[in-house]
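# Structure assessment
For reference, the chains in residue letters:
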Amino acid sequence: MVALQKVSMDLPIIDLDVFRTQARDSAEVQAECAKAANALISYGALVLHDSRVVEQENETFLDLLEDYFAQPADELRKDERPDFSYQIGVTLENTEKPKCAVDEPCLDVIRRLAPSERPLDITAHSPDPKCRFFWRMGKDAPYETQFPSLNAGNVTPEAPHIKERWAPAMDQWGTSMQNAVEGLTQMTAVGLGLPVDTFKDAGKYGPHLLAPTASDLVKYGEKDTILAGFHTDLNFLTIHGRSRYPGLHIWARNTGKRIAVKIPPGNYLLVQAGKQLEHITGGLIKAGFHEVVVNDKTVEVIDDRRARLPDRPLVRISSTFFWHLSSDHDLEPLPALAEQARAIRAQQFNLGKDEGEEKTYPPMKVGELVQDELKHIALMA
Ligand SMILES: [Fe+2]
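Right, let's walk through the structure included here. (Residues numbered from 1 in each chain as written. Predicted model: local features only at pLDDT ≥ 70, side-chain atom pairs only at ≥ 80, totals over all residues.)

## Some details on the overall build of the protein
Across its full length, the protein carries 11 helices and 16 strands. Against the 2.2 N^0.38 benchmark of 21 Å for 381 residues, the protein shows a C-alpha radius of gyration of 20 Å, consistent with a compact globule. Counting only C-alpha atoms and orienting by the principal axes, one finds that the protein spans roughly 55 × 50 × 40 Å. The proportion of buried residues among the 381 residues of the protein is 46%. In the protein, 83% of the contacts between residues at least 6 apart in sequence involve partners at least 24 apart. (Helix = DSSP H or I, 4+ residues; strand = E, 2+ residues; numbered from the N terminus. Rg over C-alpha atoms; globule rule 2.2 N^0.38 Å. Buried ≥ 20, exposed ≤ 12 C-beta atoms within 10 Å, placed from the backbone. Contact = placed C-beta atoms within 7 Å.)

## With respect to the environment of glutamate 182
Note on placement: glutamate 182 falls in helix H6 (residues 160-191). The spacing of glutamate 182 and isoleucine 259 is 77 residues in sequence and 25 Å in space, taken between C-alpha atoms.

## A word on the sheet that holds strand E12 (residues 289-293)
Backbone hydrogen bonds are what pair the strands of a sheet, in a parallel or an antiparallel way. Overall, antiparallel pairing links the four strands, which are arranged E7-E12-E9-E10 in an open sheet. The sheet terminates laterally at strand E7 (226-231) and strand E10 (258-260), the two strands that pair on one side only. Strand-to-strand twist across the sheet, computed as the mean angle between neighbouring axes with direction ignored, equals 20°. (Pairing = 2+ DSSP bridges. Axes fitted to C-alpha atoms, helices over the stretch in contact; angles between N-to-C directions.)

## Describing the environment of valine 53
Looking at the secondary structure, you find valine 53 in the loop between strand E2 (45-49) and helix H3 (55-69). As a C-alpha pair, valine 53 and glutamate 355 span 302 residues in sequence and 36 Å in three-dimensional space. Residues contacting valine 53, with those up to four places away along its chain left out, are Ser176, Ala180, Asn267 and Leu269.

## With respect to the packing of H3 against H6
Packing of H3 against H6 brings their axes to within 9 Å, and their N-to-C directions diverge by 140°. Judged by the inter-axis angle, H3 sits oblique to H6. Considering only the axes of H3 and H6, their crossing is left-handed. The segment H3 lies against H6, with Glu57, Asn58, Thr60, Phe61, Leu64, Asp67 and Tyr68 engaging His161, Ile162, Arg165, Trp166, Ala169, Gln172, Trp173 and Ser176. Grouping the constituent residues of the contact of H3 with H6 by class yields seven nonpolar, five polar and three charged. (Parallel < 35°, antiparallel > 145°, perpendicular 65-115°, else oblique. Left-handed = near helix turned anticlockwise from the far one by under 90°. Nonpolar A, V, L, I, M, F, W, Y, C, P; charged D, E, K, R; others polar.)

This is the structure in structure tokens:
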């Protein structure tokens, strides 16, 4: 029987190396997998260590994206694909709305937080002042998909100083993150008592996206500016490399506390649970709420980089990868997990932690969940 662990303000660190290098049935591997599953159940997030990840690849990627987003808006606009619901190419600032601003269950989550632990107020409901680029990392399914617009071809920027560097840097960093997150899907499955490839196979043809977001800190660098309003992600797992600027806050499921994320330097990545994982586990693992804002630490780094690197663009890039289940996959809660979800909910309730109204997870295609979410955040008509 699983139980929510007592959480601290430091996220658990899970070692993918243990899983990759030791015997699958060893006590060490089994314990590390259980730790991964429990971290996702208790926090909705964890820090993942993978020694294959090279810090320099992230640096190369961040430099390239800073250069890309420093281009004039007219140049960036050439890479927009509204016909594909912006699921490929660039999304310019002030397009995507945080779903929470209009979503009742989500506002209820905020209401149940102590005022000092609440996210910055998103009820004014302006779209996020962030830009984003979607670079598809998934591979085409060998069958005809019901969701072709979610599986469109990649866009390569035209500017000569970007074009040549683009695909190699995006693919290299994207592959590192994909390998790491797919390893974690296996660890999570084992930790939940499922066959190791349960999730990995279900996401074999997922429309995985390397999805850097960019915030112009010249325009939006003032303290308490919301760069991405309080929300959860619609995919299965989101993995992040280290950003150069702090500002990501997450909420662990049973702390009610806002946690300022710190990823250690080196081969560490941050992982958060998304809605597809919540759905398939019947709410045993909940999608993690988060926001990106300009806080005191962000301002410190802005001042420092402005002084040290006056020629570099002042752009906050978040190094994000969205791992998805395949769009045509039939999504419904796995019965054994749904049962555990109910037990934990009761446990929480008995501890005086009301988790709000019970959610239902009706059977649907993964692609339907994605399309529904995109309508809510104003990316799809
Ligand atoms: Fe997010």
